[in-house]
Structures are given as structure tokens and as C-alpha cells.
Amino acid sequence: MTRPPSSDGAVRVTLHPGEDLLLRPGTRLADLRAPLATLTRRPELRYATLTVDGAPVTDDRVAGERPLLPGAVLRVRRPGRPVAEPAPGPGLRSAATMPWLVARVTGPDAGAVIGADGPLAALRTWTRLRQGGRLTVRRTRGPAAWLAPPPATPHGGVVPWTLTLLPAAASLALAATLRQPLLAVFALVGLVVALPQLRAARQRATADGPAQVRSRGLSGPGSLLAFAHAALHVSPGAWAAAQEAHAATRSPGSPGASRAAPGAEVCLLTAPRDDPWEQLLHDGSVAVLGPAGLARSVARALVAGRAARGAEVRVGRDTPGWSWVRWLPGGGPLVLVLDRTAGPGHAGPHAADLVVSVGAVPAGCRAVARVLDARRVRITGPDGTARTVPLVGVSAEWAEHLARLLAGAAGLGRTATGDERGAQLPAVVPLTRAHGFTEVPVPGALAGRWSRSAGWAVPLGVGADGAPVCLDLVRDGPHLLVAGTTGSGKSELLQTLVLGLALTRSPADLALVLVDFKGGASLGVCPRLPHVVGQVTDLEPGLAARALAGLRAELRRRERVLAAHAVPDVALLPPGTLPRLVVVIDEFRALADDLPEFLPALLRVAAQGRSLGVHLVLATQRPGGAVGPDLRANVSARLALRVTDPLESRDVLDDPAAARIPLTSPGRAVLRLGSAPPVPLQCAHATAPPEAEMPLVRRAPAGPAHPGGAGTPGGEPTVAGTTPGPRAGSSGGPPDPGLPDVATLVVDAARRAAAALGHVPGAPPWLPQLPRRAGVADLPPATRRDRAGLVLALGDDPERQRRTTVTWDPGDGHLAVVGRARSGRTTALVTLALAALRLGWAVHGITRDPAALAPLAHHPCYGGTVRPDDTEAVGRLLADVGATDRQSTGSDTAADTGAGRWAGHAGEVRTLVLVDGAEEVRVTVPPAALRSAVAFALSADAPSMGGLASRVGPRLVLLGTDRAADVVLGAPVALAGSGGPPGRAAWCGRGDPVLCQVLEPELSPRSRSPTSPR
């Protein structure tokens, strides 16, 4: 892909005798006359007839279209002079109409092409010019034939002329030698028999296409000039036919199919296989040594060949002999020229695909071309092999003519790669330009835009025609897949899409969920938008899993809303009932690798998203393996930025176009909607400043592109009589670091507009994580579904988007609290005891550290604390509580069953015994004691519970951040490792395990204790 010589899309032309100007594309010549006259101080330009290549240009002609293309030379036609003026430079304009061409192949001025009207005239021209280097004479069929691919190898069954004439020649030789005229008759018979075969072979070659009947093409630099001239001047039909002919040589089963690798791009200008110069250009650098003039001529020929095949060329500023590169289109592989013959060169910070050094050998360079004299060059390849070849160089005038032709062809979208779709894309597109703004809209204007918006089309960037390229997630989606390698502009595209949605729809119509698995910063300021209801990053363990679980719950909620309104699609709901939910996932592969078990949830979202108003935007570097076929079946919108392999591009787009995006064009992308053809675009840049209005005419930089730039011409353009170009801080210059960027301004305007309209961000589709500390006030309102028992913790139910109350019913069995030191075991026992005391229960404690249960000491129902090593006190405690419970139940056998254990009357006195450290009471508290009607709550640091594990029922496993350690303690695998703050636990009772936060004890001022969680 290429772009015009001006980075901002302006059309660069020359006003004779030699002033380069930049014209605003799409402007009529009639509107350009006055600015031209004012800028150049030439009043005659207001009314005089202007010509391009000798042809008059009418005032209705438009800049950027024929003939006012990049590279054109505008001349003032003087009264009395003929219309047809000779084109400047060593051009092919006059030779193109001649049937014969004479081209110079070698020498310092190779590439010159002269036309002749017949073979004798061509022979005279060859005789006159043969002293300057080797010449070739070719018969031509016109510019269209210059674009045809090289002749393929003859098909099987085609009889070559040599094999046909050999028997006839042998018969004639025998007839002359033996003096037998009859033998000559056999020669005639052989020719008569071969004629039908030769005619059939010619018919087959004609049916195979123009490649089989074209005359031999020009060789050397002349072939470059012929291609550039033909690309600029042939008709659209001839150009399309040439593309089809070249594509046919790459298709399976064609004669040239073996020359193309799978997925390779079609190139309309290929180097000959036996070209000795080609071996120098594949090692990354080449040095050209010798006399300055000759070395520079050879280097120009090498660079011109690469430029004609789509490379971008950069040289140092004010380097003599290289000003012609200012006309070359850019965007392809980077060729950096270091001309040391004109003084010290400046390499710049660019990573070039090829470095051409003139006059010096760069470090690490193994390919060297040393000019011996005006006819010979000794070339040394990267492998050390050396050979002497004829010198092939071009003049600066010839190179400029070639560059002008290439610039004009690129303006028409015609390049050697055959891909005209991305040829006219700009280098940078501000977000404001894509949306048709000159400035970021103020809050009032944005609110009005929201109220008037009726569709969901969002501009992603601009296409080759300068028009916005839009994506409508409702019509074109419902989902979007984005692929692009590192540095291709993937995160910038996601910011553009998110900000574009926010500029199009209000928070009442749109809700955004941002999932960023690149550290949380790739989406910039987008999380501050009022439309954003939730953000997930890879820095918050477990939050992604909660988000996906919340999405499942959100789908069920939306299904209930549609069922309540008796409509099948969210689009049929009354406005404001249910906003569309767009889930943007950056680095989807990382999410899929970390949470493979949640991919089925995304499959359901993808399958039901259209009717439920849920849309997915999945961005990843390589979709292969991460985005399965079931998910792809529901993703009809696909966008690929630069990828490294044609197979990856085909995987996303069914087209290799994304693999041809150059490294120097971040933000260049190809969009495909369903089965429609791929559309190239330059994605809008979310932080690029707004563009100032481009002047109609301004002076162009005088020199070539400078290595310090980003592919733009060196120097700043100027306009006479005005302050031209971009404003301060616009895309034409560096932004002011003290001013907020466009993305920040858009977010601020959206927040103010939403506040003015009374819109507030909606609740996220998932519950926030449990608080680090929870109390009774954090519990949800009681419902009939809540289980009776002692309140212990605040539960989490992300599948149903709700909080629950975790209670322990002693009828389910004794409670085991398992956890490591300082995880909150003692706090859980105290919380449980306070809940029992509030219900009038009798509570007793057994612990080695009486201070841990000190908050209970002042309660009248607390029976006191004993140490586990005090056997007598423990025995007395167990006997007393056992006798009390037998009296309250009125039966000695009721305690033997769990059903009868708590089957007393209302108002009966119940007893709870706290055992803090079950490992220390294995002797003093026999297992038989746990068969009484007394409820026990035991804590331990191991799942064996000091040998009492078989006597307990529900478990509260306090969690940490080590998954393996939590599993050893008995935590469910799904919840292991999700701890952190003290009191974070997994409740394992009836039903599924529940993640919960143990309530902090609500202590009276007298009973507060400074002890930390244990």
C-alpha cells in the first residue's frame, strides 16, 4: 500500500519553470487560479490557459484527478504557441505511439527510451547511440502490453520453431551436399505438415491471455519507465486486465504458479531471475563505491527499482542528486539512502528494510558494488562471491521523471503491488475528521447530537476516497473481531470505536463494559465515560471470572425483560427501557488462556447477542486458536490491522491484504462486513488534534523527505498572504503537552452532557467484589428464602447478581472454621458467638488465649472461658452444658439424632461452645462430647480438626492467595486462591460453595478489644 507524496493528502504538482506547490484535493482549477496567482505573484495565472504534458486543462478539472495528478507539471500556454508541447525529461510520451523502441540498458545514463517508426529507423538510432552502452531494440504493441506478465513456459504439445525448422534445414543441407534436388521436396513436405501444429499452438497461446502473445519487454531501467508510464496512462480496463493476467500466473494450475508462494501478493513489476543486482538487495544493506558521479548513478538505479516496486525512500536533507525522491509515494518497505559522497550522512532512528550507502561501507554491510570505470562494476554478494558486470546507472533527470510518473499512478491507486485500494489513504486521521467535526463538540452540542441520533453507525476512519468508513454494530454485527500485531494500532482503534459510540449515543441508550488484559491502560481515558458501567483488568484476580458470570446473569435478565414486554428483539422495546450493552475485550487470547472455562458464556453471548442487545468487540493479536469456529459463526464484522503472515490475514478476512500493510503505517486496516469485499481504511486516531482547514494552494517543501520525519517531506509548507497549515497543536505539528488531547476533551464533554441530561452510569452487569470488611449493615434485606440460623458472613452470588446472608444452622452439624494463622479464625468465632448471644443462647469458650474471646466477657449470657490444658475445668464445662441441654430438651436420647438435637420449644435455651484451636483439645474434649445436644464451633489450622473432622458438618474455609494451599485446607477448587483480606472464606454447607466475607463483630464500647484477626 502507498500514499501520495504529501502526508496530508494534498496534491503535489510543479508550476513551470520549477516551483512545487500543494493543491487541496477535490478543488476545481477555477477555484485555484486566484490563490495560485497570489502565491506565485504571477497575475497571468488568473486567466491564461494552463497545460499538463502539452494538453490544455479546462477550469472544471479537479485536483487529484486526471490530469491534475501528483507529479504533473503545469505550464502557461503562451499565445501563438502550439497546443502540443514536448513533455519535459526523458519521457515515453512520444515513444509510446511508435511501433519500435530503442532502450539503453547499460551505462551511466541507462533507461533512456527512444521511439522509431520502423525497423530501419530503429537500426539508425541504434547505430547512432551504441557508443554510450548496450542498447536493445524491441517491437512494441503499446503501453497496455508493457503491463503484461512475462511469457510463461510453453505448454506441453506446443512445437517450438527450432524443432520444426530443424528437419527442413537438414533436408536442404543434404540436398545441397549430395546434389539431390528431390531431398529438398522432403523439406517442403515437412514444413507443410508442421504448419497446422504451429497454428494450433498459436491459437492456444492466444486463448491463454496476452502474456503468451506479447512481444519481448524492455530490460534494465527502461522496463521501470515503461511500467510507470503505462500505469499512469492506460485505461481502467487495461489496468484491470493486467491485474487479472498477473493473478492468473499465480493461480494454481497456471504456468507461473510455481513462482508464487501461497498467500503472496500479486506484483505487476518483478525483477528478472538472472539479474545480478538482485542478490545485493536481500541482505539489508548495500554499499556503492567508486567515483562520486558514477556511484551515485548506480545507487539511483538500485533505489529507483525498489521505488517502482512500492518501496518508500528516505534520504538526508539537501543531498545533491536525490531531490527526485520527494515525488515518490510512501508506505511500503523502507529504503534509507546514505550518500556519503556529499558529506557526513545522517542515518536517523528508523529501522530500514534496506540501507543503500554511497561512498562508504556501513558496519555489518556485506554486499558491495565497486565502480571500476564508466562501463564496469565489480559486485560482491553477501556470500563473498564476486563478479564483474556492466555498469547500470540512471541520471537524476531520468529518476525524477520516473518518480513523477509513479506519483501520478499512485494518485490513481495504481501501484506495482496491484493493490489500489489503500493507495490514497492518509497517514493520520484525527477523530474529529472522521466524525465531520472541526472541533470537539461542547456539552450542549453533544447532548443535541444524542437526541437526534437514530442509528448506530460509528466512523472508524476514512477510506481511499476520503469518505468515512463506518461500522454499525446493529446492522453489520452484532459482533466485531479485531486482529493486529503489536504496534499496528489495535488499542487506538478500540479507543476510536468506544469514543465514537459515546459521541453517537447517550448513556440511556448505550452501556459499555471494558475488559483490558494489557494492564488496564490500553484504553486510555475511555473508562471515565459516563457510558462505562464496568471495567475489568488482568490486575484484579478473579474479577474477569465475576464479569463473565455477570454476563450470563445479564442475559437472563434481558430475556425476562423481553418476555415481560412480549417482544422478540430489544429494538422493539420502548426507548430507554434497556440500553444496548457493548463488551470490548482487548487481548482476548490472554483472557481465553487464563479463563478457558468461561468461553461457553461468551458463546452464548455471541449466539443471543443480536436479539438481546449485547455486542462483543474481540481484539487479539492472533485469532487462530483463541476464537473458535462456534464463536466465528456469529461474528460477521471483521477488521484486521497489520499482521505478519498472509495466512493470518486470510484467517480473519479471507484475503491476504492485511499482511501487505507496511510497518510504517500504524492504524492502516482492512474491514470486511459479511461477504462484502474488503475495504481498506486509515483508522482515526483518538488523541490526534483536529485538523485546520487545508489551504487551497501552498508551497511544498523544496527538499526530499528527511530521515527524522515520519515519511513526510522535510520542511514546513508556507502560504503567501495567510497563516497557512495546521493550527498550533494540530496534526501538522507536535501537540502542546499542556493542553488536553481530543480523547480527554470528548470524555469531559460526554460527562457534562450526561450530567445535564440527568444520565448516570448504570449498575455494572456483575456484582463488585466483596468488601474487604463487612458488617451487619452490609447484609441484604431478609427474604423468605434465607435459611434460619446464626448469621456469620456476607455471601456472594455473582450468577444471580446478588448478595446473600450466610447462616449456620446447628441442625446441619457442628461448624468447622479452618484457616491459617491471622486469617480471621478467632474473629469468625466471636462473630458467631455474638449472633448467638443476641438470640439469648448460652455461650462458652475454650481457648489457650483468653484475650481472644475477651469481647464476649461482659455479656450476661457468656459462661466464661477455660483453657484446653485445664482438664478438670473442661470436663466440668462439658458436664454442665450437657446437663443443661438435657433439662431443656427433657430427654436423654434426643441428642442422639440431629433432628432431635434442636427440636425444642420456642424460647428454649440453647448452648454454643467455642473451641479456638481444636488441635489442643483432642485429649480434653472426647469425640463423644460432640454427640450431645450442644452446638460446637471449632477452629483449626488443618482440615483434620485435631481428629474431630468426622464429627463436624458445615465448614468455613478461610482463603488466601495460594490456590494450592487453599485446596489442601479443603477449599473448593473454583474458590481457591481468591482470598486476601482476613475473613475472606469459602462457605461449604448445604448447596454449592459460597464465597463470603465474615462479618466483623459489632462490639459495645466496654467489650472492644485491640486484638488483630487471628
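Procedures and definitions
Starting from 1, residues in each chain are numbered consecutively following that chain's sequence as written. Local features in a predicted model are, by the rule used here, given only for residues with pLDDT of at least 70; side-chain atom pairs are given and counted only at 80 or more, and totals for whole chains, interfaces and linings are based on all residues. With hydrogens and water set aside, each side-chain value is computed from the structure's full complement of heavy atoms. Elements are defined by DSSP. Helices are runs of H or I of four residues or more, strands are runs of E of two residues or more, and each kind is numbered from the N terminus. Each residue's exposure class comes from its accessible area (1.4 Å probe, protein chains only) as a fraction of the maximum for that residue type: buried when under 20%, exposed when over 50%, partly exposed otherwise. The criterion used for residue contact is that any of the two residues' heavy atoms lie within 4.5 Å. Methods summary: accessible areas were calculated by the Shrake-Rupley approach with a probe of 1.4 Å, and residue burial reflects only the protein chains presented. Pairing between strands is defined by DSSP: at least two bridges between the two strands are required. Axis definition: a line fitted to C-alpha atoms, limited for helices to the stretch in contact. Angles are taken between N-to-C directions and run from 0 to 180 degrees. Salt bridges are defined as contacts in which a side-chain nitrogen from Lys or Arg sits within 4 Å of a carboxyl oxygen from Asp or Glu. Patches here: salt-bridge-free residues with over 30% relative accessible area, like charges joined within 9 Å, nonpolar side chains (Val, Leu, Ile, Met, Phe, Trp, Tyr) joined within 5 Å. For this analysis, a nonpolar core means a set of buried residues of the types Ala, Val, Leu, Ile, Met, Phe, Trp, Tyr and Cys, connected via side-chain atoms within 4.5 Å. Think of it this way: a Phe, Tyr or Trp ring, Trp meaning its six-membered ring, pairs with another when their centres are within 6.5 Å, and the plane angle makes it stacked under 30 degrees, edge-to-face over 60, tilted otherwise. Think of it as a cone above the ring: NZ of Lys or CZ of Arg counts as a charge over the ring if it is within 6 Å of the ring centre and within 35 degrees of the ring normal. UniProt positions are given in the numbering used here, feature names are shortened, and annotations may be inferred rather than shown by experiment. A 3.5 Å cut-off defines polar contacts: any pair of N or O atoms within that distance qualifies, except that in protein one atom must be a possible hydrogen donor and the other a possible acceptor, and neighbouring residues in sequence count only when both atoms are side-chain atoms. To estimate the expected span of a helix, count its residues, drop one, and scale the result by 1.5 Å.

Under an unreviewed UniProt entry, the chain has the name FtsK/SpoIIIE domain-containing protein and belongs to Promicromonospora vindobonensis.

> In this structure, what is going on with the overall build of the chain? I would like to understand it.
Scanning the chain from terminus to terminus reveals 22 helices and 37 strands. Looking at the 1014 residues of the chain, the share that counts as buried comes to 51%. A sequence separation of at least 24 residues applies to 67% of the contacts in the chain between residues at least 6 apart. As presented, the chain carries roughly 44,100 Å² of accessible surface, and 56% of it is formed by carbon and sulfur atoms.

> Got a minute to help me understand unusual backbone geometry in this structure?
Trans is the prevailing form of peptide bonds, just as negative phi is the prevailing case for residues other than glycine. Along the chain, H16 connects to P17 via a cis peptide bond; the corresponding omega equals 20 degrees. In this structure, P67 follows R66 across a cis peptide bond, with omega equal to -5 degrees. Examined against the element boundaries, P67 turns out to sit in the loop between β4 (55-57) and β5 (73-76). Residues other than glycine seldom take positive phi values, yet R41 does so here, at roughly 60 degrees. Here R41 shows up in the loop between α1 (29-40) and β3 (50-52). Even without glycine at this site, A566 takes up a positive phi of about 55 degrees. Note on placement: A566 falls in the loop between α13 (543-565) and β22 (580-586).

> Is there a simple way to explain the sheet that holds strand β32 (residues 862-866) in this structure?
Strands pair in a sheet through their backbones, by hydrogen bonds, and they do so in one of two ways: parallel or antiparallel. Taking strand neighbours across the sheet as the criterion, the ten strands line up as β29-β28-β37-β36-β35-β30-β34-β33-β31-β32 in an open arrangement whose pairing is mixed. Every other strand in the sheet has two partners, leaving β29 (802-808) and β32 as the edge strands with one partner each. Neighbour-to-neighbour, the strand axes of the sheet open up by a mean angle of 25 degrees, direction not taken into account. Taken together, the four bridges between strand β28 (residues 790-797) and strand β37 (residues 994-998) define a ladder with antiparallel strand orientation. The residue of β37 that forms the bridge with L794 is Q997.

> Explanation requested: the pattern of salt bridges in the structure shown.
Oppositely charged side chains may form a pair once their charged atoms are brought near each other. For the coordinates displayed, the defined rule picks out 28 salt bridges. Where R28 meets D31, a salt bridge forms, and the shortest distance between an N and an O atom there is 3.7 Å. Judged by relative accessible area, R28 falls into the partly exposed class, the value being 35%. Among the ionic pairs, D796 bridges to R803, the shortest N-O distance being 2.7 Å. Pair check on accessibility: D796 and R803 agree, each one buried. Counted as one network, the salt bridges with shared partners bring together R12, D20, R326, E400 and R404.

> Teacher, can you tell me more about a nonpolar patch on the surface here?
A surface patch of nonpolar side chains, amounting to about 490 Å² of accessible area, comprises L182, V185, F186, V189 and V193. Secondary-structure assignment places V189 in helix α5 (residues 182-207). Residue class for V189 comes out partly exposed when judged on its relative accessible area of 45%.

> Help me out: how do you make sense of the nonpolar core in this one?
Taken as a class, soluble globular proteins show a tendency for nonpolar side chains to be buried jointly. W277, V313, W322, W324 and V377 are the most contacted members of the largest nonpolar core, which totals 68 residues. If you tally residues by element for this core, the top one is helix α8 (residues 292-308), at ten residues. Those residues in contact with W324 that lie beyond four places of it in its chain are R300, V303, A304, A396, A399, E400 and A403. Among the nonpolar cores identified, the runner-up in size contains 53 residues, and V440, V532, A619 and A637 belong to it.

> Help me understand the packing of aromatic side chains, please; the structure alone is not making it clear to me.
A ring pair, where both rings are aromatic, is described by two values, the distance of the centres and the angle of the planes. What the rule picks out here adds up to two aromatic pairs. A ring pair is formed by F227 and W239, whose centres lie 6.5 Å apart and whose planes are at 50 degrees; its orientation type is tilted. Separated by twelve residues along the polypeptide, F227 in helix α6 (residues 221-233) and W239 in helix α7 (residues 236-250) bring together distant segments of the chain. W239 sits in the buried class, given a relative accessible area of 2%. In this arrangement the basic side chain of R12 is found over the ring face of W327, its NZ or CZ atom lying 5.3 Å from the centre. Lying across the ring of W456, R580 places its NZ or CZ 5.9 Å from the centre.

> When you look at the sheet that holds β3 in this model, what are you seeing that I'm missing?
Taken in spatial order, the six strands line up as β4-β3-β5-β1-β2-β27 in an open sheet, and their pairing is mixed. Either end of the sheet is taken by a strand with one partner, and the two such strands are β4 and β27 (697-699). If you compare each strand with its neighbour and ignore which way they point, the axes differ by 40 degrees on average. Relative to β5, β3 runs antiparallel, the two being bridged by three bridges. Bridge pairing in β5 links V52 to L74.

> Even after reading the chapter, I still don't get the UniProt feature "binding site: ATP" (unreviewed entry) in the chain, so can you show me in this structure?
Here the UniProt-annotated "binding site: ATP" (unreviewed entry) positions come out as G484, T485, T486, G487, S488, G489, K490 and S491. Note that T485 resides in the loop between β19 (480-483) and α12 (490-504). Here T485 falls in the buried class, since its relative accessible area comes to 17%. T485 has contacts with K490, R642 and T644, leaving out every residue within four places of it along the chain. Locating S488 in the fold gives a position in the loop between β19 and α12. For S488, the contacting residues outside a window of four places in its chain are L641, R642, P666 and G667. In terms of polar contacts, S488 uses its side chain to reach the backbone carbonyl oxygen of T485, at 2.6 Å.

> What is the right way to look at the side chain of H479 in this model?
By secondary structure assignment, the location of H479 is in the loop between β18 (468-472) and β19. Within the local environment of H479, its side chain forms a polar contact with the backbone nitrogen of L616, the two atoms lying 2.9 Å apart. In this structure, H479 is in contact with L473, V605, A606, G609, V614, H615, L616, N634, V635, S636 and A637, ignoring residues within four places of it in sequence.

> Help me out: how do you make sense of the side chain of T847 in this one?
Within the fold, T847 resides in strand β31 (residues 842-847). Residue classification places T847 among the buried residues on the basis of a relative accessible area of 1%. A polar side-chain atom of T847 sits 3.2 Å from the main-chain amide nitrogen of D849. For T847, the contacting residues outside a window of four places in its chain are L853, T865, V866, R867, P868 and D916.

> Which parts of the structure should I look at to understand the environment of V389?
Note that V389 resides in strand β15 (residues 386-390). For V389, a relative accessible area of 6% translates into the label buried. Distance from V389 to R378, taken between C-alpha atoms, is 6.3 Å for residues eleven residues apart in sequence. Those residues in contact with V389 that lie beyond four places of it in its chain are P276, W277, R375, R376, V377 and I379.

> How do you make sense of helix α18 (residues 742-757) when you look at a structure like this?
One turn of the α-helix equals 3.6 residues, which is why residues spaced by three or four share an orientation. Taking 1.5 Å as the rise per residue, α18 with 16 residues should run 22 Å; its terminal C-alpha atoms sit 22 Å apart, in good agreement. Every buried residue belonging to α18 is among V742, A743, T744, V746, V747, A749, A750, A753 and A754, and all of these are buried. Where α18 is buried, its residues touch α10 (431-434), α11 (443-452) and α12.

> Explain the pairing of strand β36 (residues 984-988) here, please?
In the case of a regular strand, side chains alternate between the two sheet surfaces. The buried fraction of β36 amounts to four of the five residues, a majority that puts the element mostly inside the structure. For strand β35 (residues 952-958) and β36, the ladder comprises four bridges, and the chain directions are antiparallel. In the strand pairing of β36, R955 is matched with C988. Bridge count for β36 against β37 is four bridges, and the pairing is antiparallel. By the bridge assignment, A986 is partnered in β37 with L995.

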